[in-house]
Amino acid sequence: MSLKTLSLAALLSLAALPALAQTQVVRIGATPGPHAQILEAVKPIAAKKGLDIKIIEFSDYVVPNAALASGDIEANSFQNQPYLDNQVADRGFKIESVGLTVNFPIGVYSKKHKSLEALPNGATISIPNDPTNGGRALLLLQDKGLIKLKDGVSFKPTPMDVTDNPKKIKFVEIEAAQGPRVLEDVDASIINTNYATAGGLDPVKDPITRENPKGPYVNLIAVRSEDKDKPWVKALIESYHTPEVKQFIEEKFKGSVLISW
């Protein structure tokens, strides 16, 4: 057999292999902190399944879905279902959840007060300015008895939906990532766990109160709808949902990040 024939046979043999037998690059968008750190733990496991994961960090919650929808990345890991539903409804993205990841109970932080009860009349509280996380913050304050919201607001209330505010709390809406940076300027700030961690806060010890970990705010991995049944998606979820990743989360975050699969 000639060298040319051998080369052709080798190429045909490679072509006949399953798609994931050849390394496939998968770019995954994530916010800095736990989401990106967990994906680093997923990388070596996914490599054994033929995936070369490239983690692309985004500093906000808006761009990762746009980047996914436009094809700049293949997946993202940063959001919960209410946020994804809101983005799909508002912007028409054809993206969807393919697997659950972890939960980050949102917390109320303060440099000036030791409890919600200690907040003075007219206190200022910063909340995220995106509809889902801002609504989540207000629902937390309602759950803790600080305010009441009008009926039927679902997961996206705004300060306009506050019907009872005995302490005359003033709400300051800011980008979610800015929560730790404004702590000196407000009485309290409601901060997502990943941004609290990135800002040097301890999401278990530092909040003056914390969200109940049960509820709809479990995070997820999203892909374009056209890709959801592709082999690499299954391989990615299987790589994430492993005992090794579970152990990493438990040891690394010590209760600030809760496993949700």
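In this report, we go over the structure that sits alongside the text. None of these values were measured; they are calculated from a predicted model. (Residues numbered from 1 in each chain as written. Predicted model: local features only at pLDDT ≥ 70, side-chain atom pairs only at ≥ 80, totals over all residues. Heavy atoms only, no water.)

## Looking at the overall build of the chain
The secondary structure content of the chain amounts to 8 helices and 14 strands. Considered along the principal axes of its C-alpha atoms, the chain spans approximately 90 × 40 × 25 Å. Of all 261 residues assigned to the chain, the portion counted as buried reaches 49%. Sequence separation of 24 or more characterises 74% of the internal contacts of the chain that already satisfy a separation of 6 or more. Summing over all exposed atoms, the chain offers an accessible surface of approximately 12700 Å²; the carbon and sulfur share of this is 53%. (Helix = DSSP H or I, 4+ residues; strand = E, 2+ residues; numbered from the N terminus. Buried < 20%, exposed > 50% of the residue type's maximum accessible area, 1.4 Å probe, protein only. Contact = heavy atoms within 4.5 Å. Areas by Shrake-Rupley, 256 points an atom, 1.4 Å probe, with all protein chains shown as cover.)

## Things to note about the sheet that holds strand 2 (residues 51–57)
Spatial ordering of the open sheet is given by 2-1-3-13-4, a layout of 5 strands whose pairing is mixed. The strands lining the two open edges of the sheet, one partner per strand, are strand 2 and strand 4 (95–100). Going across the sheet, the axis of each strand differs from the next one's by a mean of 35°, ignoring polarity. Bridge count for strand 4 against strand 13 (residues 219–224) is 5 bridges, and the pairing is antiparallel. What sits directly across from L100, in strand 13, is L220. Packing against the sheet, helix 2 (residues 34–47) makes contact with strand 1 (24–30), strand 2, strand 3 (75–80) and strand 13, and its axis sits at approximately 165° to strand 2. Against the sheet, helix 7 (residues 231–240) engages strand 1, strand 2, strand 3, strand 4 and strand 13, with an angle of about 165° to strand 13. (Pairing = 2+ DSSP bridges. Axes fitted to C-alpha atoms, helices over the stretch in contact; angles between N-to-C directions.)

## Here's the deal with helix 5 (residues 131–143)
For helix 5, which comprises 13 residues, the first-to-last C-alpha distance of 18 Å matches the rise-based estimate of 18 Å (1.5 Å per residue) to within 8%. Considered for burial, the residues of helix 5 that qualify are T132, N133, G134, G135, R136, A137, L138, L140 and L141. Two residues or fewer past helix 5, G145 is found with a positive phi of approximately 85°. (Expected span 1.5 Å × (residues − 1).)

## A word on the packing of aromatic side chains
What the rule picks out here adds up to 7 aromatic pairs. Relative to F253, the ring of F248 lies with its centre 6.1 Å away and its plane at 90°, an arrangement referred to as edge-to-face. The exposure class of F248 is partly exposed, given its relative accessible area of 27%. Looking at F253, the relative accessible area reads 8%, which means it is buried. Ring pairs connect the aromatic residues Y61, F78, Y83 and Y195, which therefore count as one cluster. (Phe/Tyr/Trp six-rings, centres within 6.5 Å; stacked < 30°, edge-to-face > 60°.)

## With respect to helix 3 (residues 63–70)
Those residues of helix 3 not exposed but buried are P64, N65, A67 and L68. Buried residues of helix 3, viewed axially, fall in a sector of 160°; they line one side. Residues of helix 3 that are buried in the fold lie against strand 3, helix 4 (81–91), strand 4 and strand 13. In the segment just after helix 3, G71 is the residue with positive phi, at about 90°. (Arc of directions from axis to C-beta.)

## Structural notes on the sheet that holds strand 6 (residues 107–109)
Strand order across the open sheet formed by 5 strands is 10-7-11-6-12, with mixed pairing between neighbours. Each end of this open sheet is capped by a strand with a single partner; those strands are strand 10 (170–174) and strand 12 (209–210). The strands touched by helix 5 are strand 6, strand 7 (124–128), strand 10, strand 11 (188–191) and strand 12; relative to strand 7, the strand with the most contacts, the crossing angle is about 135°.

## Notes on empty space enclosed by the protein
In the structure shown here, the tally under the stated rule is 1 cavity of 30 Å³ or more. By volume, the largest cavity is sized at about 120 Å³. Taken together, 13 residues form the lining of the largest cavity, with Y61, F78, R136, N192 and N219 sitting closest to its centre. Breaking the lining of the largest cavity down by element, the ones donating at least two residues are strand 3, helix 5 and helix 6 (193–198). (1 Å grid on protein atoms, 1.4 Å probe; cavity = no way out; pocket = protein on both sides within 12 Å on 5 of 7 lines; lining within 4 Å. Points joined across faces, edges and corners; volume = space filled by probe spheres on them.)

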